[in-house]
Amino acid sequence: MKTYDTKFTDDREGADVSTAVASSAAALTASDRCDRCGAQAYLRVELGEGAELLFCAHHAREHGAKLRAIAVNLHDETHKLGDTPTPAPHSEG
Ligand SMILES: [Zn+2]
């Protein structure tokens, strides 16, 4: 009876990402562009019914929490960039 194991079932992130890769999770390429600013996309958000959105690393971070809440599948390659230097100060335009 290990009650402390429940902490690892937290569904905030990770865990089931690798299991979903097999289906339609093609790698993002340089031709995939952010729907917001046109930069190279590192995050694909599948919304179901064939709808999907692409985001660059910047917008992936900016909208990440909300996107994770509505996405049916998430393909995240922002790790390819390493640690983002967080260049932007607190300014929401
Ligand atoms: Zn962008």
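Placed above this text is the structure.
What you see is a predicted model, and the numbers here were worked out from it, not measured in a lab. (Residues numbered from 1 in each chain as written. Predicted model: local features only at pLDDT ≥ 70, side-chain atom pairs only at ≥ 80, totals over all residues. Heavy atoms only, no water.)

## Description of the overall build of the protein chain
On a plain count of helices and strands, the protein chain comes out with 2 helices and 3 strands. A separation of at least 24 residues holds for 38% of the contacts in the protein chain among residues at least 6 apart in sequence. Summing over all exposed atoms, the protein chain offers an accessible surface of approximately 7,100 Å²; the carbon and sulfur share of this is 52%. (Helix = DSSP H or I, 4+ residues; strand = E, 2+ residues; numbered from the N terminus. Contact = heavy atoms within 4.5 Å. Areas by Shrake-Rupley, 256 points an atom, 1.4 Å probe, with all protein chains shown as cover.)

## Observations regarding helix α2 (residues 57-70)
Taking 1.5 Å of rise per residue, the 14 residues of α2 would be expected to cover 20 Å, and the 18 Å separating its terminal C-alpha atoms lies within 8% of that figure. Along α2, the sharpest change in direction is near 70° and occurs at G64. Residues of α2 that are buried include every one of A57, H59, A60, H63, G64 and L67, and no others. In this fold, the buried residues of α2 make contact with β1 (43-48) and β2 (51-55). (Expected span 1.5 Å × (residues − 1). Bend = angle between axes of the 7 residues up to and from the residue. Buried < 20%, exposed > 50% of the residue type's maximum accessible area, 1.4 Å probe, protein only.)

## Here we look at the side chain of E77
With respect to the element layout, E77 can be found in the segment after β3 (73-76). According to the relative accessible area criterion, E77 is buried, its value standing at 5%. One polar contact links the side chain of E77 to the main-chain amide nitrogen of L28, over a distance of 2.9 Å. Excluding residues within four positions of it along the chain, E77 makes contact with A27, L28 and Y42. (Polar contact = N/O pair within 3.5 Å; in protein donor to acceptor, adjacent residues only side chain to side chain.)

## Some remarks on the coordination of the zinc ion
Taken together, the protein donors to the zinc ion comprise C34 (SG), C37 (SG), C56 (SG) and H59 (ND1), at separations of 1.9 to 2.4 Å. Coordination at the zinc ion is tetrahedral: its 4 donor atoms span angles of 104 to 118° at the metal. Sequence positions of the residues that donate to the zinc ion give the spacing C-x2-C-x18-C-x2-H. With C34 in the loop between α1 (17-20) and β1 and H59 in helix α2, the pair connects residues that are 25 residues apart, well separated along the chain. Here C34 and H59 have matching classes, each one buried. (Donors = N, O, S within 2.8 Å, 3.2 Å for Na, K, Ca; no water. Tetrahedral: all angles 85-135°; square planar, octahedral: opposite > 155°, others 65-115°.)

## Describing the environment of L28
By the element assignment, L28 lies in the loop between α1 and β1. The exposure class of L28 is buried, given its relative accessible area of 7%. C-alpha separation for the pair L28 and H75, spaced 47 residues apart in sequence, amounts to 8.5 Å. Setting aside residues no more than four positions away along its own chain, L28 makes contact with A41, Y42, L43, R44, L54, H75, E77 and K80.

## Considering the environment of A39
Its place among the elements puts A39 in the loop between α1 and β1. Placed 19 residues apart in sequence, A39 and H58 show a C-alpha to C-alpha distance of 9.2 Å. When residues no more than four places from it in sequence are discounted, the contact partners of A39 are D32, R33, C34 and C56.

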